[in-house]
Amino acid sequence: MYKNTKPENQFSIAVASGKGGTGKTFVSVNLFHALEQTGLNIHLVDCDAEAPNDKMFFEARLSKQEEIFQQVPVINLQACTFCGRCYEYCHYNAIFFVPELKKISVLYDFCHGCGACTYACRDGAITERKDLLGEVNTYTLSKNSALFESRIKVGVHSSVPVLKAAIKAAREAEIILMDAPPGTSCPFIQTVAGADYVVLVTEPTPFGLSDLKQSVDTLASIGTPCGVVVNKAGLGDREVYAYLEEKQIPLLMDIPFDKGLAALYSGGKIPAREDPLWKEGFIELYRIIKEQYGNSSRQR
Ligand code: SF4
Ligand code: SF4
C-alpha cells in the first residue's frame, strides 16, 4: 500500500489544454510514469470526470471505490406557502418559481447542493435527499504511487464535486499530478486553482494557438504560473512560438510529430516506459517545471 502521510514539501502540477485531443493525457501519464520510476511519492489524479482514460495505460488494481453524493432539496408542495424565500436565496437559478400559478420546483441540473434554500424556508417545506453524482476510484500502482480516477454518473450535469473529491483523496503525496479536464470552464478552474504550476499542452496550429490564449488568460486571472508543452512539433506553423516569446511564457518541451510515437500511445503504451530516452526527457521536463516555478515565485 502507498503511504498515507502528508510530506512537508508537496508540489502540485496540473496538466491542461484548452481542448481535448492535444496530448494532455499523453504528457500526464508519461510524466507520472517517469517520476514514479525515480522513486518519488506521486499521485496522479484523472480530473476528466466525464471521460477518464488514464487508467487504460496502467496495470493496476482497484484498492478503493468511494461514491460521491450531493444533498439536494425536495419541496413539499402541501407545506409550501409560496413565499419565494428559497427562490431569492438560490444563487444558481435552480428554483423555478411562478407565485401567481403556485408553481415551484427544483431544476436539478442547475442545483449545486449548497443548502441555501433549505436554510431559507421557514415553513418546513424543504427536506433534502442524497443524489449519487459519481465515484472516485483509487488504483494502487506501487508503494510510492497511485492513480485517483474521478468518474461522474451518466446524466450528471457538473463534474466539479466529483473531481474535487478525487483531488482531496489524492492529497497525501509528495507530488500531485492532475490531468485536468479540457476547456476553460468550471471543472478546469477547479483543477488548476489548487495547482502550484500548470503545464499547458498545445499544438502548433491556429486552433491550438486560439485555445492556448484562452487558457493563458484564464490562468492569468487566477494567478497560477504556467509553461507550455508543444505537441506534434514540426506540424503547423511557428505562431505558437512567437506568442510564447511575446508573452514571455516558458516553452517547457517540444514533442515532435512522430508516427511511431502515436502508434505506441494509441496502443495504450507509455513511451517513457518503452524507451529510456523518453523517460529521461520527462524527468528533464519535471526539472524544468521546478526551475520555472522557482523563477515565478521569485518574481511574485
Ligand atoms: S441547494 Fe442551493 S443551488 Fe440547489 S436549489 Fe437550493 S439554493 Fe439552489
Ligand atoms: S421558502 Fe419554503 S415555503 Fe417559501 S416558497 Fe420556498 S419552499 Fe415554499
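Analysis parameters
- Residues numbered from 1 in each chain as written.
- Chains lettered and ligands numbered in written order.
- Predicted model: local features only at pLDDT ≥ 70, side-chain atom pairs only at ≥ 80, totals over all residues.
- Helix = DSSP H or I, 4+ residues; strand = E, 2+ residues; numbered from the N terminus.
- Buried ≥ 20, exposed ≤ 12 C-beta atoms within 10 Å, placed from the backbone.
- Near = placed C-beta within 6 Å.
- Nonpolar A, V, L, I, M, F, W, Y, C, P; charged D, E, K, R; others polar.
- Pairing = 2+ DSSP bridges.
- Contact = placed C-beta atoms within 7 Å.
- Core = buried A, V, L, I, M, F, W, Y, C linked by C-beta atoms within 7 Å.
- Expected span 1.5 Å × (residues − 1).
- Axes fitted to C-alpha atoms, helices over the stretch in contact; angles between N-to-C directions.
- Parallel < 35°, antiparallel > 145°, perpendicular 65-115°, else oblique.
- pLDDT = per-residue confidence, 0-100.

Attention now moves to the overall build of the protein. Along the backbone of the protein there are 10 helices and 11 strands. Judged by the C-alpha coordinates and their principal axes, the protein covers about 70 × 45 × 40 Å. Out of the 300 residues belonging to the protein, those deemed buried represent 41%.

Near ligand 1 there are 14 residues, and of these Cys 90, Ala 94, Cys 111, Cys 114 and Cys 117 occur at the shortest range. Residues that form the shell around ligand 1 fall into these classes: 11 nonpolar, three polar and no charged.

For strand E2 (residues 42-46), the buried fraction is high: five of the five residues fall into the buried class. What you see with E2 is no split at all: Ile 42, Leu 44 and Asp 46 on one side and His 43 and Val 45 on the other are buried throughout. Alignment of E2 against strand E7 (residues 145-152), held across five bridges, turns out to be parallel. The residue bridging His 43 from the neighbouring strand is Ala 146, located in E7. As paired strands, E2 and strand E8 (residues 175-179) are joined by five bridges and run parallel to one another. Counterpart to His 43 in the pairing with E8 is Ile 176.

Moving on, we get to the environment of Lys 102. With respect to the helices and strands, Lys 102 occurs in the loop between strand E4 (95-98) and strand E5 (103-106). Taking the C-alpha atoms as reference points, Lys 102 and Val 154, 52 residues apart in sequence, are found 32 Å from one another.

On to the environment of Glu 135. In this structure, Glu 135 sits in strand E6 (residues 126-140). Residue class for Glu 135 comes out partly exposed when judged on the 18 C-beta atoms lying within 10 Å of it. Considering only alpha carbons, one finds Glu 135 and Ile 68, 67 residues apart in sequence, at a separation of 5.3 Å. Once residues lying within four places of it in the same chain are set aside, the contact partners of Glu 135 are Gln 65, Glu 66, Glu 67, Ile 68 and Arg 151.

Judged by nonpolar contacts, the single largest core of 67 residues is most densely connected at Val 15, Ala 166, Leu 177, Met 178, Val 198 and Val 199. Beyond its immediate sequence surroundings of up to four residues, Val 199 is in contact with Ile 13, Val 15, Val 27, Gly 227, Val 229, Leu 252 and Ile 289. One finds Cys 86, Ala 94, Ile 95 and Cys 121 within the second-largest nonpolar core, a separate group that totals nine residues.

For the rest of this paragraph, the subject is helix H1 (residues 24-37). If you check H1, its first and last C-alpha atoms are 20 Å apart, about what 14 residues at 1.5 Å a residue would give, namely 20 Å. Summarising burial for H1: 13 of the 14 residues are buried, a large majority. Downstream of H1 by one or two residues, Gly 39 has phi in the positive range, about 95 degrees.

Take the packing of helix H6 (residues 206-222) against helix H7 (residues 239-247) next. The geometry of H6 relative to H7 is characterised by a closest axis approach of 9 Å and an angle of 25 degrees between their N-to-C directions. Judged by the inter-axis angle, H6 sits roughly parallel to H7. The residues of H7 that touch H6, namely those facing Pro 206, Gly 208, Leu 209, Leu 212 and Val 216, are Glu 239, Val 240, Tyr 243 and Lys 247.

Now for the site of ligand 2. For ligand 2, the set of nearby residues contains 14 residues, the closest of which are Cys 80, Cys 83, Cys 86, Cys 121 and Ala 125. In the shell around ligand 2, the residues fall into 10 nonpolar, two polar and two charged.

Counting all residues, the mean pLDDT for the protein is 92, and 96% of those residues have values of 70 or more. Low confidence marks residues 1-5, where pLDDT is under 50. Its contacts with residues over four positions away, or in another chain, come to nine contacts.

Right, let's get into the sheet that holds strand E1 (residues 11-16). Strand order in this open sheet of nine strands is E3-E6-E7-E2-E8-E1-E9-E10-E11, and the pairing throughout is mixed. Each edge of the sheet is formed by a strand with only one pairing partner; in this case those strands are strand E3 (61-75) and strand E11 (251-256). In this sheet, neighbouring strand axes are inclined to one another by 20 degrees on average, regardless of whether the strands run parallel or antiparallel. Bridge analysis of E1 against E8 gives five bridges, and the strand direction is parallel. Looking across to E8, one finds that Ala 14 is bridged to Met 178. In this fold helix H5 (residues 186-193) packs onto E1, E8 and strand E9 (197-202), with an angle of close to 155 degrees to the strand it touches most, E1. Taken strand by strand, H6 contacts E1, E9 and strand E10 (226-233), and its axis lies near 165 degrees from that of E9.

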